[in-house]
Amino acid sequence: MTQDPFALDFAALRTLRLVFAHGSFSRAAETLGVTQSTISYTMSRLREVFSDPLFVRQGAGMVPTDRCNEIVAQAGELIDRFETLTAQRQFDPAEASVEIGLSCNFYERVTILPHVTRILRREAPGIKLKVISSSAQGKQQLLRSESDLLIGPIRIEDSGYYRRSLLREEYTCVMDPSNPLAQTPLTIERFVKAPQVVVNYGGSFRSRFLVVMEAAGHVPNTVMEVPSPANLPDILVQTDMIATVPSRIAQMFGDAVVSVPCPFPAELSIDLYWTARTHVSAPHMWLRSKIAEAASQIVD
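Below is a summary of the structure that appears in this document. (Residues numbered from 1 in each chain as written. Predicted model: local features only at pLDDT ≥ 70, side-chain atom pairs only at ≥ 80, totals over all residues. Heavy atoms only, no water.)

1. Overview of the packing of helix α6 (residues 113–123) against helix α12 (residues 282–296)
For any two helices packed against each other, one specifies the crossing angle of their axes together with the interaxial distance.
Part 1 of the reasoning: Contact geometry for α6 and α12: axes closest at 9 Å, N-to-C directions at 130°. The orientation of α6 with respect to α12, classified from their angle, is oblique. Viewed along their axes, α6 and α12 form a crossing whose handedness is right-handed. Facing α6, whose interface residues are His-115, Val-116, Ile-119, Leu-120 and Glu-123, α12 presents Trp-286, Leu-287, Lys-290, Ile-291, Glu-293 and Ala-294.
Part 2 of the reasoning: Its residues assigned to classes, the contact of α6 with α12 shows 7 nonpolar, 1 polar and 3 charged. (Axes fitted to C-alpha atoms, helices over the stretch in contact; angles between N-to-C directions. Helix = DSSP H or I, 4+ residues; strand = E, 2+ residues; numbered from the N terminus. Parallel < 35°, antiparallel > 145°, perpendicular 65-115°, else oblique. Left-handed = near helix turned anticlockwise from the far one by under 90°. Contact = heavy atoms within 4.5 Å. Nonpolar A, V, L, I, M, F, W, Y, C, P; charged D, E, K, R; others polar.)

Structure, rendered in C-alpha cells:
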C-alpha cells in the first residue's frame, strides 16, 4: 500500500534534511540520538511517499537525486517556518533551563567566551552552553542543526542566515624575543623571507593577511602549518620562525613573544551568525544580545 503523504511529520522531513546535509545515515543518527535502523525506516517511508530513491550510491558515498534536492530545499523552508511558529516567546533568564549550541574557534573562545560565561553565570545559570569547534565547517554546522550560533571571521552571504558584527581585528607578527627581526622594523621583504608558522585553523579558511599578501604578488615562506594559534609561543621560542595572528591573541601571549606590526595591513571581522530556525526564539534572542554585549566589553 502506498504511504499516505499526510502521514509524514516534520520529524521525518528533518531526518531527510540531516541525511542530506551529512551525506550519511549514521551521522544523521548520531545527530538525532537514534539508531541507524530508525533512520533507515524513516527513509523508506520517504522514498515510498515521494516515489523516488532520494539517494544513490556513487563510489564510497551517496549523492542525492534531483528530486531529493528539490524536496530538501522546500522541506527546509517548511521546517524553519514550523520551528519559528513553535519557538519559545516568553523567557525569564533567571529561571531558564535550555541548552544552546555555539560553534567557534580558539580566537572566540579566548576573547569573547569568557565574558559570555560570566554573564550567563550571573544572569542565567540554568542555560547550558554547548561549545563545538567550527574549524571551517561553521556554516554546515548551522545547516545541520549541530549548533544554534556561529561566531567567526567567515562571511556567509546565503539567504536564510542572519549576521551581527561583533569585533574588528588587525594582524600582528609574533616571534621569539631573541629573533633578529624583533630588533628592526619588519619590512615586506623581511616578512616574505622569514620562515613562517601559518595557522590554517584546521580547514579551508584563509587568513586575510595571506589574501592581501598574495594579491600583492608575494608568497609566505611557510615552514610549518598548525590548526590553531593556541601554543604558538612554545613553537616559536628559540627559533627563527615568525607567525601572524590577530592582535588580541598576540596580547594574550604576553612576554613569551615579541609582537610587531604586520607589513600587510588587513582587517579581520568577527561576526555572529544564526538561521531562521532560532531567529525569533526568546532564549536565543537573549543570548545573542548578551554575546554582543560581551564583545563590546573587549578593548584593545
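2. Brief notes about helix α1 (residues 10–22)
Part 1 of the reasoning: Its 13 residues place the ends of α1 18 Å apart at the C-alpha level, agreeing with the 18 Å of an ideal helix rising 1.5 Å per residue.
Part 2 of the reasoning: What α1 keeps buried is the set Ala-12, Leu-13, Thr-15, Leu-16, Arg-17, Leu-18, Val-19 and His-22.
Part 3 of the reasoning: The backbone nitrogen of Ala-11 has a side-chain oxygen 3.3 Å away, supplied by the residue at the start of α1, namely Asp-9.
Part 4 of the reasoning: Positive backbone phi, at 65°, marks Gly-23, one or two positions downstream of α1. (Expected span 1.5 Å × (residues − 1). Buried < 20%, exposed > 50% of the residue type's maximum accessible area, 1.4 Å probe, protein only. Polar contact = N/O pair within 3.5 Å; in protein donor to acceptor, adjacent residues only side chain to side chain.)

3. Looking at the nonpolar core
Part 1 of the reasoning: In this structure, Ile-112, Ile-151, Leu-166, Phe-191 and Ile-291 are the most contacted members of the largest nonpolar core, which totals 61 residues.
Part 2 of the reasoning: In this structure Ile-151 touches Leu-102, Ser-103, Cys-104, Glu-108, Ile-112, Leu-166, Ile-270, Asp-271, Leu-272 and Ile-291, once residues within four positions along its chain are discounted.
Part 3 of the reasoning: Membership of the second largest hydrophobic core comes to 22 residues, among which are Val-19, Val-49, Cys-68 and Val-72. (Core = buried A, V, L, I, M, F, W, Y, C linked by side-chain atoms within 4.5 Å.)

4. Comments concerning the environment of Val-98
Part 1 of the reasoning: Examined against the element boundaries, Val-98 turns out to sit in strand β3 (residues 98–104).
Part 2 of the reasoning: A relative accessible area of 22% means that Val-98 is categorised as partly exposed.
Part 3 of the reasoning: A C-alpha to C-alpha distance of 7.9 Å links Val-98 and Pro-283, two positions 185 residues apart in sequence.
Part 4 of the reasoning: Contacts of Val-98, omitting those with residues within four sequence positions, involve Gly-126, Ile-127, Lys-128 and Pro-283.

5. Notes on the packing of helix α2 (residues 25–32) against helix α3 (residues 36–50)
Part 1 of the reasoning: As a packed pair, α2 and α3 sit with axes 8 Å apart at the nearest point and diverge in direction by 110°. By the angle class used here, α2 and α3 are roughly perpendicular. Of the two elements, α2 crosses α3, and the hand of that crossing is right-handed. Residues Phe-25, Ser-26, Ala-28, Ala-29 and Leu-32 of α2 touch α3, and the partners they reach there are Gln-36, Ile-39, Ser-40, Met-43 and Arg-47.
Part 2 of the reasoning: Residue composition of the contact of α2 with α3, grouped by class: 6 nonpolar, 3 polar and 1 charged.

6. As for the packing of aromatic side chains
Part 1 of the reasoning: All told, the structure shown has 4 aromatic pairs when counted by the stated rule.
Part 2 of the reasoning: Centre to centre, the rings of Phe-191 and Phe-209 are 6.3 Å apart; their planes meet at 80°, and the pair counts as edge-to-face. One end of the pair, Phe-191, is in helix α8 (residues 188–193); the other, Phe-209, is in helix α9 (residues 208–215), with 18 residues separating them in the sequence. We note that Phe-191, like Phe-209, is buried.
Part 3 of the reasoning: An aromatic cluster is built from Tyr-171, Phe-191, Phe-209 and Phe-264, whose rings are joined through pairwise contacts. (Phe/Tyr/Trp six-rings, centres within 6.5 Å; stacked < 30°, edge-to-face > 60°.)

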